[in-house]
Amino acid sequence: MKILANDGLNQTGIDLLENAGFQVLTNRVAQDALASFINENQIEILLVRSATKVRKDLIDACPHLKLIGRGGVGLDNIDVEYAQSKGIKIINTPASSSDSVAELVMAHLYGMVRFLYDSNRIMPLEGETRFNELKKKYSNGKELRGKTLGIIGIGRIGQALARLAYGVGMKVIVSDPFYDKQVDISIAFADGQTLTFSVPVVDMDTLLAQSDFISLHVPASDRPIIGKEEFKKMKAGAGIVNAARGGVVDEVALLEALDTGKLAYAGLDVFENEPTPAMRVLMHPNVSLSPHIGASTAEAQERIGEELANLIISNFKS
């Protein structure tokens, strides 16, 4: 069977699949040429990440597809129910990248409270001539220890983030419609010890009012989860990180909250208009930026490749 890994696949996954008798193609085929490529090359398994869209028109145009795999958590770029109605199996790897995304959120938080997002821009340009002035400008940072982190969505990634936050001494509260009581989270340390923390679940208004920092870990939504009204309920000088999906934070309302000082800073790994984010967002002096790389670590990609390969092998070789 032929597999097209259109958004790439780690060598570990490729090796496992080829050793099991599959032929793996890693061509990067443009969206508008994808159907023709799949049909001409008799592709039966399509693997994607977030870039490639697998909508009804592509599914209808490729009747020989037997399986669609998503390397990562969300399936919002795939018309899952329609594909399944056509007899196509859908797989993904929801646990493989949780730690990577959580670590990126912490990187944004640390970068925000110590102004690294700005000093890394300014120092190469003006550090030689304005060193003492810049030293004064960036000398009123904050510590994360003792601050309250509000996590919206306490699935695998939210729980991974909670573990890291507890590790640096933060308080953690969560809001999630699927939980109405505390969530118990165990932290495993390198020496084999474990500790279990009970994370309090609160309603959204309480989370907005009490959090010094907020991080979203929710699926794609047809409307923003955090917009103008939600920003009004947040602490003055709070920060927010979105490494979930573009559109769950209203970017216009976000910029307004930053401009008025209601928010001190924001960290964005995802954007409403990918791959062409709004220039006002990219140029804002109080926004820490990364180009949708939450799951893109070497370790996560190896786990994703291995998990996808094993799922495919179990589906077709068992």
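Look up a bit, the structure's there.
Anyway, here's the lowdown on the structure attached to this text. In this text the structure is predicted, and so the values were computed from the model without any measurement.

Brief notes about the packing of aromatic side chains
One pass over the full model with this rule turns up 3 aromatic pairs. Arranged with centres 4.3 Å apart and planes meeting at 15°, the rings of tyrosine 166 and phenylalanine 197 form a pair that is stacked. Taken as a pair, tyrosine 166 in helix 8 (residues 156–167) and phenylalanine 197 in strand 9 (residues 194–199) lie far apart in primary sequence, 31 residues in all. Lysine 89 extends its terminal NZ or CZ atom over the ring of phenylalanine 316, reaching a point 5.8 Å from the ring centre.

Concerning the layout of surface pockets
Rolled over the atoms, a probe as big as a water molecule pinpoints where empty space is left. Considering only enclosed or pocket space, the largest pocket measures out at about 1,500 Å³ in volume. Forming the walls of the largest pocket are 50 residues, and the residues nearest its centre are Arg70, Asp76, Ala244, Arg245 and His292. No other element matches the 3 residues that helix 8 contributes to the lining of the largest pocket.

Structural notes on the nonpolar core
Ranked by size, the top nonpolar core spans 35 residues in total, and within it Leu109, Leu149, Ile151, Val172 and Phe213 carry the most contacts. Of all the secondary-structure elements, those providing two or more residues to this core are helix 5 (98–113), helix 6 (116–126), strand 6 (148–152), helix 8, strand 7 (171–175) and strand 8 (183–188). Of all the elements, helix 5 adds the most residues to this core, at 7 residues. When neighbours within four sequence positions are excluded, leucine 149 is seen to be in contact with Leu109, Leu161, Ala165, Met170, Lys171, Val172, Ile173, Ser211, Phe213, Ile214 and Ser215. Core analysis: the next-biggest nonpolar cluster, separate from the first, contains 26 residues, Leu207, Ile214, Val249 and Leu255 among them.

Some thoughts on empty space enclosed by the protein
What the rule picks out here adds up to 1 cavity of 30 Å³ or more. Considered as a void within the structure, the largest cavity measures approximately 50 Å³ in volume. Elements supplying a minimum of two residues to the lining of the largest cavity: strand 3 (43–48) and helix 13 (298–316). Examining the composition of the lining of the largest cavity, we find that 3 residues originate from one element, helix 13, more than from any other. For the lining of the largest cavity, a count of residues per class yields 5 nonpolar, 4 polar and 1 charged.

Observations regarding the pairing of strand 10 (residues 213–216)
Burial along strand 10 is two-sided: the face carrying Phe213 and Ser215 and the face carrying Ile214 and Leu216 are both buried. Pairing of strand 10 with strand 11 (residues 238–242), which is carried by 4 bridges, proceeds in the parallel orientation. Looking across to strand 11, one finds that isoleucine 214 is bridged to isoleucine 240. Each parallel crossover has a hand, and for strand 10 linked through helix 10 (residues 228–233) to strand 11 it is right-handed.

Thoughts on helix 13
Relative to the 27 Å expected for 19 residues at 1.5 Å per residue, helix 13 spans 27 Å between its end C-alpha atoms, a close match to the ideal helical length. Those residues of helix 13 not exposed but buried are Ala300, Gln301, Ile304, Gly305, Leu308, Ala309 and Ile312. Buried residues of helix 13, seen end-on, are gathered within an arc of 160° and therefore sit on one face of the element. Turning to helix 13, the residues buried within the fold contact strand 1 (2–5), helix 1 (11–19), strand 3, strand 4 (67–70), strand 5 (89–92) and helix 5.

Points about the sheet that holds strand 13 (residues 287–289)
The strand order across the open sheet built from 6 strands is 7-6-10-11-12-13, with neighbouring strands paired in parallel fashion. Edge strands, defined here as strands with exactly one partner in the open sheet, are strand 7 and strand 13. Here the average twist between neighbouring strands, direction ignored, is 15°. Packing against the sheet, helix 5 makes contact with strand 6, strand 10, strand 11, strand 12 (263–268) and strand 13, and its axis sits at approximately 145° to strand 12. Sitting on the sheet, helix 8 is in contact with strand 6, strand 7 and strand 10, with an inclination near 175° to strand 6.

Concerning the side chain of serine 96
Within the secondary structure layout, serine 96 lies in the loop between strand 5 and helix 5. Look at serine 96 and you get buried, because its relative accessible area is 4%.

A word on unusual backbone geometry
Here the bond from glutamate 274 into proline 275 is cis, since omega is 10°, no more than 30 degrees from zero. The backbone of phenylalanine 115 shows a phi angle near 60°, a positive value even though the residue is not glycine. Counting through the fold element by element, phenylalanine 115 comes out in the loop between helix 5 and helix 6. The phi angle at histidine 292 is positive, at roughly 55°, despite the residue not being glycine.

Rules of the game
Residues numbered from 1 in each chain as written. Predicted model: local features only at pLDDT ≥ 70, side-chain atom pairs only at ≥ 80, totals over all residues. Heavy atoms only, no water. Phe/Tyr/Trp six-rings, centres within 6.5 Å; stacked < 30°, edge-to-face > 60°. Helix = DSSP H or I, 4+ residues; strand = E, 2+ residues; numbered from the N terminus. Lys NZ or Arg CZ within 6 Å of the ring centre and 35° of its normal. 1 Å grid on protein atoms, 1.4 Å probe; cavity = no way out; pocket = protein on both sides within 12 Å on 5 of 7 lines; lining within 4 Å. Points joined across faces, edges and corners; volume = space filled by probe spheres on them. Core = buried A, V, L, I, M, F, W, Y, C linked by side-chain atoms within 4.5 Å. Buried < 20%, exposed > 50% of the residue type's maximum accessible area, 1.4 Å probe, protein only. Contact = heavy atoms within 4.5 Å. Nonpolar A, V, L, I, M, F, W, Y, C, P; charged D, E, K, R; others polar. Pairing = 2+ DSSP bridges. Right-handed = clockwise from strand over helix to strand, strands pointing away. Expected span 1.5 Å × (residues − 1). Arc of directions from axis to C-beta. Axes fitted to C-alpha atoms, helices over the stretch in contact; angles between N-to-C directions.

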